[in-house]
Structure formats: C-alpha cells, structure tokens
Amino acid sequence: MKLRFASLVAAAIMSAAPALADLVVPNLSYRTGAYGANGTQYADGFNDYFTLLNERDGGIGGEKVQVPECETAYNTEKGVECYESTKGQGALAYNPLSTGITYQLIPKVSVDGIPLYTPGYGRTSAKDGKVFEWVFNAPANYWDGASVIVKHLLDQNGGSLDGKKIALLYHNSAYGKEPIRTLQELGKKHGFSLTELPVDAAAGQEQKSQWLQIRREKPDYVIMWGWGVMNQAAIQEAANVRYPMDQFIGIWWSGSEVDVVPAGAAANGYKSATFHGVGQDYPIYADLKTHVIDPGKASQGGQHVGSVLYSRGLYAALVISEAIRKAQELSGTPAVNAAQVRDGFEALDITPERLTELGLPDFGPEIKMTCDNHGGSGMARIQQWDAAAGKWNLITEFTEPDQDVLQPLIAADSEAYAKEAGITPRC
C-alpha cells in the first residue's frame, strides 16, 4: 500500500512539472484582484500563442513549450514568490506584466541567469544592455511612449507646443511615475507646461478632485498613465466635465477595450499610444481558429481573442519564441537553456518580412537588438476609439521617439544603477 501511494505521489509530481525535454516559459499572470480584467486577457494571448506553436508546429524547433501559470494578483510579493517557485522548472524567460514585480526581479534574474522580457513596461533604462545584461524591453519603453505622444501633439499643432498646457494624470506607483522626468524634459524643449496629477493606486475610481482641477485649469491636453479601473473612471470623469476626448490620450496600458467600453458613446474619440496593430485582420488569427480555438484548446475558451490586451500577450509570446528559435540556431541544439535564450534575445532581428511570415504583417516595428541596445527602435503608433463601431483605429504610422532627449536620460539612469549595484558595463 505504501509503495502504491509513493508511486501515485511521484506520478502527480511528474504530471505537475514540465517534462525535462520541454522548453519552459512560465506565465506570471493575474486573473484576480483590481487588475484582473486586464491581466486575464494578456495571459490568454500569451498562452494561446504557445499552444498554437505546439499544435501547428510541434513546438519550437521540434521541442514542445510548457507554460506553467502562476497567479500574482499584480502583487509584487506574490510575483516574486511565483518567480521563485517556477524558476527551478527550467524557466527560459519571464514576462511578469508588472513594473513593480520587474523592479524586484531585475537583480534576481541577473544572479540566476534568466532573461526578463518586459515589452512596454518595467524599468525604462533596462534598454541599456551594457548594464542590464539579462533584461530586454523591445519594441518600446515608457519614455518612448511619452515621446511619441508628444510628437503626435506636435503634429496636431503645426509643429509647436509653445505655451500649451499638458496635464499628466498618473497611477501613483512606480509605473505611473515613469514618464514624469521625460515629459519635464520634453516640456523644456517644446515650451509646454506640465501639471502632474497623481491618482491613488488603491482607489483609482475616485478622481473627482483631479478632474475638477482639469476643468478649472483647462489644459490643452491630458495624458494618462493608468491601469485597470483607473482608466475607466478617468474616461467617464472626462465625459462628465465635457473634456474633449480627442485631446485626451493614454499610454498603451490605458488603451484597451476594457478602458473605453464602460463609458459607451462618451468615450468616442479617445486616443492612446500602441506598439502593435489592432483587430483580427491578420493571417495568424485564422491559424489560431483552426489549431487552437475550434479544437477547444484556447485559454478560457477564447473569449478575448483579438482584443488589444490579448494581442499584446500574444505578441510578447511571439518575441520570446523568436528569441528561443534564435538561441536554437546559435547553439545548434533545440534543447536550449536560459543563458542561450539570453544570447538569442541579444541577436534578435524580427524584420518586417519575418513578421509577415509569422502571420502578422505590419503588426509591430522591426525588433533588432544588440549588446548595448535591449530596447529596439522605440517606435509606436497612435490609435483612436470609434465607439459606434466598437473598435480601435490606427491613425498614425510607426513614429520614432526623440532619442536626442531620451538617450541621455537612459544613460544617466543606467549609469547610476550600475554604480549602485556594482556592475561593470560591458560591450
């Protein structure tokens, strides 16, 4: 009886852990808590892309991909616990979808030798590969997003923002504070004033005082750095005070269906930045239907397929899978380890032609990384919400950020981190 019980326990452990030959990419997700509505869509897209590779292609280079999921609830402590509990399973890369968790994991992955991929979030200066050897944040970071938004506003005003007033409505957290320095510098360059309006992260629904100030001061534009219910509440409050929606523009984490649908017709015309395409008019979605959705293998039954955040999670999985593929190519073996995947990230070049091969033509900018550039080009677009049609429309092409302003900021921040952490810059 004892022998049989021991055999059952061993079988349970083996079934819960990835097979030794499999490639392992943990999904540090959050489907619960204040940000669950956002996190669950991203997690579904992340899962479904790897399912597609397994079902259609037999994995990557003939190796199946296991995606063990661990719930973080967007809580930094839980996120670190998830990392610690999954890294021993042969984890090849992490993508925690949280700036707070990312900041805590940067020193850990640097010691453990596991790549951390944080597209569009995390520590902006991690673009500097000379200092952040194990962190990659292509195709764009927060400061890129701030710059592309300002460039859009310049285009809307004949190339000049001199004398304009811009308000930054931001989530009062490490995430929300990321663009402040950049916008201050851009304000000096272009002559606009910046008003900073923090929103308490724990009570994002309560913004009446901030919007009363906006109504009183009448800024020419409001830029939003929000997440979760804060975005919904802000768009509704903007409508309540009759702030023009086409003068209200969010970062990419403030530009999903979850943010605008609750406000109904009042959200029409709202804008946000994005670093990828919109909708399902891409060949990859036909493949997803054939190999993942119709056979009943989609994460949560495929209820969010094609949404902004689903597509973003899918895109993150695509970039990680391409880094694994490049690692296999460089090392000459399909059974790569985390160090080899790091090398794959650093040698990554996802060209427009490769994106087309992957079923996502013109979905994102080219992602080319090098030893000193872990952030790519930083190019982004602007999208606008059409409430009547219930969809986002891309209204600009991919736009380059102002690197003359951004690069000195990145260099200063990464150099300070290197000095503090005792890191000797490489490359």
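Residues numbered from 1 in each chain as written. Predicted model: local features only at pLDDT ≥ 70, side-chain atom pairs only at ≥ 80, totals over all residues. Heavy atoms only, no water.

Participant: Is there a simple way to think about the state of the cysteines in this case?
Facilitator: Think of a disulfide as a covalent bridge from one cysteine sulfur atom to another cysteine sulfur atom. In the structure shown here, the tally under the stated rule is two disulfides. The side chain of cysteine 70 participates in a disulfide bridge whose partner is cysteine 82; the two sulfur atoms lie 2.0 Å from each other. Residues cysteine 70 and cysteine 82 are joined through a disulfide that is left-handed, its torsion about the S-S bond being -75 degrees. With cysteine 70 in strand β4 (residues 69-71) and cysteine 82 in helix α3 (residues 76-86), this residue pair connects regions lying twelve residues apart in the sequence. For the pair cysteine 70 and cysteine 82, a shared accessibility class is recorded, and that class is buried. Each disulfide pairs two cysteine sulfurs, and for cysteine 371 the partner residue is cysteine 427, the sulfurs being separated by 1.8 Å. (Disulfide = S-S within 2.5 Å. Helix = DSSP H or I, 4+ residues; strand = E, 2+ residues; numbered from the N terminus. Buried < 20%, exposed > 50% of the residue type's maximum accessible area, 1.4 Å probe, protein only.)

Participant: When you look at the nonpolar core in this model, what are you seeing that I'm missing?
Facilitator: Most often, soluble globular proteins keep nonpolar side chains buried together rather than apart. The biggest cluster of nonpolar side chains holds 84 residues, and the ones touching the most others in it are Trp225, Trp253 and Phe345. Among the nonpolar cores identified, the runner-up in size contains 24 residues, and Val199, Val222, Val241 and Val278 belong to it. (Core = buried A, V, L, I, M, F, W, Y, C linked by side-chain atoms within 4.5 Å.)

Participant: Before we go on, may I ask you to explain the side chain of threonine 396 in this structure?
Facilitator: Residue placement: threonine 396 occurs in the loop between β15 (391-394) and α15 (403-421). Classification of threonine 396 by relative accessible area gives buried; the value is 18%. One polar contact links the side chain of threonine 396 to the main-chain amide nitrogen of isoleucine 382, over a distance of 2.9 Å. Excluding its chain neighbours within four sequence positions, the residues that come into contact with threonine 396 are His152, Arg381 and Ile382. (Polar contact = N/O pair within 3.5 Å; in protein donor to acceptor, adjacent residues only side chain to side chain. Contact = heavy atoms within 4.5 Å.)

Participant: What is the right way to read the sheet that holds strand β11 (residues 271-274) from this model?
Facilitator: Whether parallel or antiparallel, the strands of a sheet pair through hydrogen bonds between backbone atoms. Spatially, seven strands are ordered β8-β7-β9-β10-β11-β14-β15 in an open sheet, and the strand pairing comes out mixed. Edge positions in the open sheet fall to β8 (193-199) and β15, since each of these has one partner strand only. Between one strand axis and the next, the sheet turns through 25 degrees on average, direction left out of account. With five bridges joining them, strand β7 (residues 165-171) and strand β9 (residues 221-225) adopt parallel strand pairing. Across the sheet, residue leucine 169 finds its bridge partner in β9, namely methionine 224. Along the sheet face, helix α8 (residues 208-217) touches β7, β8, β9 and β10 (248-250) and points at about 160 degrees away from the line of β8. (Pairing = 2+ DSSP bridges. Axes fitted to C-alpha atoms, helices over the stretch in contact; angles between N-to-C directions.)

Participant: Please explain the pattern of salt bridges as it appears in this structure.
Facilitator: Side chains carrying opposite charge are able to pair once their charged atoms draw close together. What the rule picks out here adds up to 24 salt bridges. Note that arginine 31 and glutamate 69 form a salt bridge whose closest N and O atoms lie 2.6 Å from each other. In this pair, arginine 31 sits in the loop between β2 (27-29) and α2 (36-57) while glutamate 69 sits in strand β4, placing the two residues 38 residues apart along the sequence. Classification of arginine 31 by relative accessible area gives partly exposed; the value is 24%. Residue classification places glutamate 69 among the partly exposed positions, given a relative accessible area of 37%. The partner of lysine 108 in a salt bridge is glutamate 84, with the nearest N and O atoms 3.2 Å apart. Residue lysine 108 is found in helix α4 (residues 99-112), and its partner glutamate 84 is found in helix α3; the two are separated by 24 residues along the sequence. (Salt bridge = Lys/Arg side-chain N within 4 Å of Asp/Glu carboxyl O.)

Participant: Can you walk me through the pairing of β15 in this structure?
Facilitator: Across a regular strand the side chains alternate sides, sitting on one face of the sheet and then on the other. Of the strand pairs in this sheet, strand β14 (residues 381-386) and β15 are connected by four bridges, and their pairing is antiparallel. In the sheet register, glutamine 383 faces β15, and the bridge partner there is leucine 394. Turn length for the β14-β15 hairpin, with the two strands adjacent in sequence and antiparallel, is four residues, and the turn residue glycine 390 shows positive phi of about 65 degrees.

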